[in-house]
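Summary of the model geometry
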Amino acid sequence: MTTEAPILAIDRLTMRFGGIVAVNELSFTAGRRQITALIGPNGAGKTTVFNCITGFYRPSSGVMQLVHDDGAAFRLDRLHDFRICKYAKVARTFQNIRLFPGMTALENLMVAQHNTLMRASGFSLLGLLGAPSFRAAERAAIDFARHWLERIGLTERADDAAGNLPYGDQRRLEIARAMCARPALLCLDEPAAGLNANESAALSELLLSIRDDVGTSILLIEHDMSVVMEISDHIVVLDHGVKIADGAPRAVRDDPKVVAAYLGADEEDAAQVMEGGA
Amino acid sequence: MAFILKKAAISALVALGLFFLMIGIRTEAGSSGQLIYWTRFGELAAMVGAVFAGSIVIELLRRWIGPVGGVELPAGVRATFATLGRLLAPALLIFALLVPVIFYKERYLLDLGILVLTYVMLGWGLNIVVGLAGLLDLGYVAFYAVGAYSYALLAQSPLPLPHLVDGFPFVAFSMEQLGPWAFWVLLPVSGLLAALWGVILGFPVLRLRGDYLAIVTLAFGEIIRLVILNWQDLTGGPNGISGIPRPTVFGIPLTPGEHGFAAMIGVPFSPTHRLVFLFYLILALALLTNWATIRLRRLPIGRAWEAMREDEVACRALGINITTTKLSAFAIGAMFGGFAGAFFATRQGFISPESFTFQESALVLAIVVLGGMGSQLGVALAAIAMIGGFELFRGLDQFRMLVFGGVMVLLMIWRPRGLIGHRAPTVFLQKRTEISSSLVKEGHG
């Protein structure tokens, strides 16, 4: 465990939809260069929290502060929409994969570098004229994309349409696409959903390497307990929009409140599943 | 067999419902204004019977031929087709360049060529908005009109121009003094004004998608036309504007006088010179549109357009500003429409609101859809087929529209994603592939 200041600090975040309180006074922090998992039963408000962090929802109240390595601080509750990714450098993936299916894997990764390339292309003017500076920037972008394709083992399929890739490859490509936006914080919404055991293991390895080699902090929502317990440095448990536990994986796993809430009323069955998952 | 009969019976029933009033009862106004009507049940029965029989024949044919697209061509044939496909675009370009040489004597064909190229250009311009950015625009003719009227009005207005530099060819104190340079100065101005209107349309429709966007753009096209029609003081209303300056070969007029282009190069004057010049002018403008589109597609802005068509939410999550991306697509598409409009005005010498009806928008959109959304070559082929084909069927008189509609329906059955139905990636690592149209999204607005 490091003693670095957390990358993301959420303070009393509340999100209301009409009369429904989806997230209620939620406070937690995500450690720098750590993997923080957000877990909870279905409908606990995990994705709502994600949508608030990544600018798809504007929170009803609360403060979300993100601090970059260089000390630059961003109030995510005041930024909105694309600005969260562009300025605060928070990238995300989606529960139901949202690649650009008609574009190739490589193109998907190029779109993710839009803002860098847009500046290099002089907002299209220099690019239209074929300026050497833009060509260099584009080559660098392709190299960066190639680097990520290698990392996820998809170099061979770089020129295939993303919609044609197998499900597991699409999941990894979406993560690579988010990483091509060079995020400080990577938010993953159920990255292991629908993956088999082998693919889950490969995913865990990829996420650990993103944390250790790239140094990107990760916030993830996940139902697959084997993945969560294996890679998380820190777990936050939500139920009905309220935080019910927060701590190291082992402590959270043994917390009776978590076991009860997470897997329904029957504590013994629940405990068994949690053990099995770990 | 029972299925076929059932299907034919349903078709016949639909036909009966449709034709009962249209064919079954004939109405006419009598001599003193009263309604006279008589029944034509014989014709109605014949029509319904024809539909019944036709439906059986089509269904049998379908069984006999098998499912559409199920036939795999042998590799050799496919390779030949691929080579032909690659050669098609350069061959078309060379042919286009040679048209005025081959058909120098055929004024009608030259005129038709100019018309086709105008629609190719409009199709390419709209392709940016509809094909790349996935924004369904039913009011594209508005920008064509803005371009045409901008040129026509500015070229004849007494507006003072700033004095630039002495002796510089563009120096003039009023637009009228631009003289032979009017077209060349006002062409970019018309394009920019159309782009401005593209942005003005873009702002209110930013949040609209799909059908709603289509309706608002359609209304926008009509609003522009109605304003032109009713603002008599400025636009001359339904009388239009005449006496629009003709184009010049970079300042040299195409006139019979001693300062004319013919005298300059020492050949006898012929009115065909202007046609040939107009042909090359619109060819150049269309190729400029094509070049810009191909180039833009490979730039981040073009990729953002296509990504927006594929998935707008994912774009936002990747830090792409949807507002500016949409507005830029509208503006650039509109700009090329404006260029085409200015060309139209200078070619005709006279414009009126009648040239900018919804039918034009629909025709250009049909060209884009028929060509295969996003495909440059497809749009060019579709423009040739639509405009050229329309002329081809001229001999069929009143059945022209019927044949034309039938051909369109057949084409959409065989090639539902347009003539060229695949997408070429903008960048590749190892090999250039083609993406099947079934994966490519059409956009939601």
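Cut-offs used in this document
Residues numbered from 1 in each chain as written. Chains lettered and ligands numbered in written order. Predicted model: local features only at pLDDT ≥ 70, side-chain atom pairs only at ≥ 80, totals over all residues. Heavy atoms only, no water. Salt bridge = Lys/Arg side-chain N within 4 Å of Asp/Glu carboxyl O. Helix = DSSP H or I, 4+ residues; strand = E, 2+ residues; numbered from the N terminus. Buried < 20%, exposed > 50% of the residue type's maximum accessible area, 1.4 Å probe, protein only. Pairing = 2+ DSSP bridges. Axes fitted to C-alpha atoms, helices over the stretch in contact; angles between N-to-C directions. Contact = heavy atoms within 4.5 Å. Bend = angle between axes of the 7 residues up to and from the residue. Disulfide = S-S within 2.5 Å. pLDDT = per-residue confidence, 0-100. Phe/Tyr/Trp six-rings, centres within 6.5 Å; stacked < 30°, edge-to-face > 60°. Buried area = accessible area lost by both parts, 1.4 Å probe. Polar contact = N/O pair within 3.5 Å; in protein donor to acceptor, adjacent residues only side chain to side chain. Nonpolar A, V, L, I, M, F, W, Y, C, P; charged D, E, K, R; others polar.

**Structural notes on the pattern of salt bridges**
Going through the model one piece at a time under the given rule, you end up with 28 salt bridges over all chains. In this structure, arginine 209 of chain B and glutamate 312 of chain B form a salt bridge, with 3.2 Å as the shortest nitrogen-oxygen distance. Here arginine 209 of chain B, found in the loop between α6 (182-202) and α7 (210-230), pairs with glutamate 312 of chain B, found in helix α12 (residues 312-317); they are 103 residues apart in sequence, far enough to count as distant. Across the pair arginine 309 of chain B and glutamate 310 of chain B runs a salt bridge, and its minimum N-O distance is 3.3 Å. Glutamate 310 of chain B shares its class with arginine 309 of chain B; the two are buried. In the salt-bridge network here, residues are joined through shared partners; they are Glu107 of chain A together with Arg297, Glu306, Arg309, Glu310 and Arg423 of chain B.

**Things to note about the sheet that holds strand β1 (residues 8-17) of chain A**
Residue and element names in this part refer to chain A. The strand order across the open sheet formed by four strands is β2-β1-β4-β5, and the pairing between neighbours is antiparallel. Two strands lie at the open edges of the sheet, namely β2 (20-30) and β5 (73-75), each paired on one side alone. Each adjacent strand pair in this sheet contributes to an overall mean axis angle of 20°, direction not counted. As paired strands, β1 and strand β4 (residues 61-67) are joined by five bridges and run antiparallel to one another. If you follow alanine 9 over to β4, its bridge partner there is glutamine 65. Packed onto the sheet, helix α1 (residues 46-53) meets β1, β2 and β4 and runs at close to 110° relative to β1.

**Here we look at helix α3 (residues 75-102) of chain B**
In an α-helix, one turn spans 3.6 residues; hence positions three or four apart end up facing the same way. Along α3 of chain B, the sharpest change in direction is near 35° and occurs at leucine 88 of chain B; proline proline 90 of chain B comes one to four residues later. Where α3 of chain B is concerned, the buried positions are Ala96, Val99 and Pro100 of chain B.

**Some details on the state of the cysteines**
All names here are of chain A. Evaluated as defined, the whole model comprises zero disulfides over all chains. Free cysteine: cysteine 85, not disulfide-bonded; nearest cysteine sulfur from cysteine 187 at 10 Å. Note on cysteine 180: no disulfide assigned, nearest cysteine sulfur contributed by cysteine 85 at a separation of 11 Å.

**Here's the deal with the confidence of the model for chain B**
Confidence in the prediction for chain B averages 84 pLDDT; 92% of positions are at 70 or higher. Summarising per-element confidence for chain B, the mean pLDDT is lowest in helix α9 (residues 261-265) of chain B (76) and highest in helix α13 (residues 322-348) of chain B (94).

**Section: the sheet that holds strand β9 (residues 234-239) of chain A**
All names here are of chain A. Spatial ordering of the open sheet is given by β6-β7-β8-β3-β9-β10, a layout of six strands whose pairing is mixed. The strands lining the two open edges of the sheet, one partner per strand, are β6 (90-92) and β10 (242-247). Strand-to-strand, the axes of this sheet are offset by a mean angle of 20°, without reference to chain direction. Across the face of the sheet, helix α7 (residues 167-180) comes into contact with β6 and β7 (185-189) while running at roughly 155° to β7.

**Focus on the packing of aromatic side chains**
Scanning all chains against the criterion turns up 14 aromatic pairs over all chains. With a centroid separation of 6.0 Å and 85° between ring planes, the pair formed by phenylalanine 56 of chain A and phenylalanine 94 of chain A is classed as edge-to-face. With a gap of 38 residues between them, phenylalanine 56 of chain A in the loop between α1 and β4 and phenylalanine 94 of chain A in the loop between β6 and α3 (105-111) connect regions that are remote in the sequence. Note on phenylalanine 56 of chain A: relative accessible area 18%, which makes it buried. With centroids separated by 6.2 Å and ring planes inclined at 20°, the aromatic side chains of phenylalanine 20 of chain B and phenylalanine 41 of chain B adopt a geometry described as stacked. Of this pair, phenylalanine 20 of chain B sits in helix α1 (residues 2-24) while phenylalanine 41 of chain B is found in helix α2 (residues 41-65), placing the two residues 21 residues apart along the sequence.

**Some details on the interface of chain A and chain B**
Counting residues at the interface gives 45 residues for chain A, matched by 36 residues for chain B. A per-residue breakdown of the area chain A buries against chain B is headed by Phe82, Leu128 and Asp159 of chain A, which together make up 18% of the total. Between chain A and chain B we count four salt bridges in total. In this structure, arginine 423 of chain B and glutamate 107 of chain A form a salt bridge, with 2.7 Å as the shortest nitrogen-oxygen distance. On the surface where chain A and chain B come into contact, there are ten residue pairs in polar contact (both at pLDDT 80 or more). Among the secondary structure elements, those contributing two or more residues to the side of chain A that touches chain B are α2 (82-86), β6, α3, α4 (114-120), α5 (125-128) and α6 (132-151) of chain A. At six residues, the largest contribution of residues to the side of chain A that touches chain B is made by α6 of chain A. Residues that form the side of chain A that touches chain B fall into these classes: 22 nonpolar, eleven polar and twelve charged.

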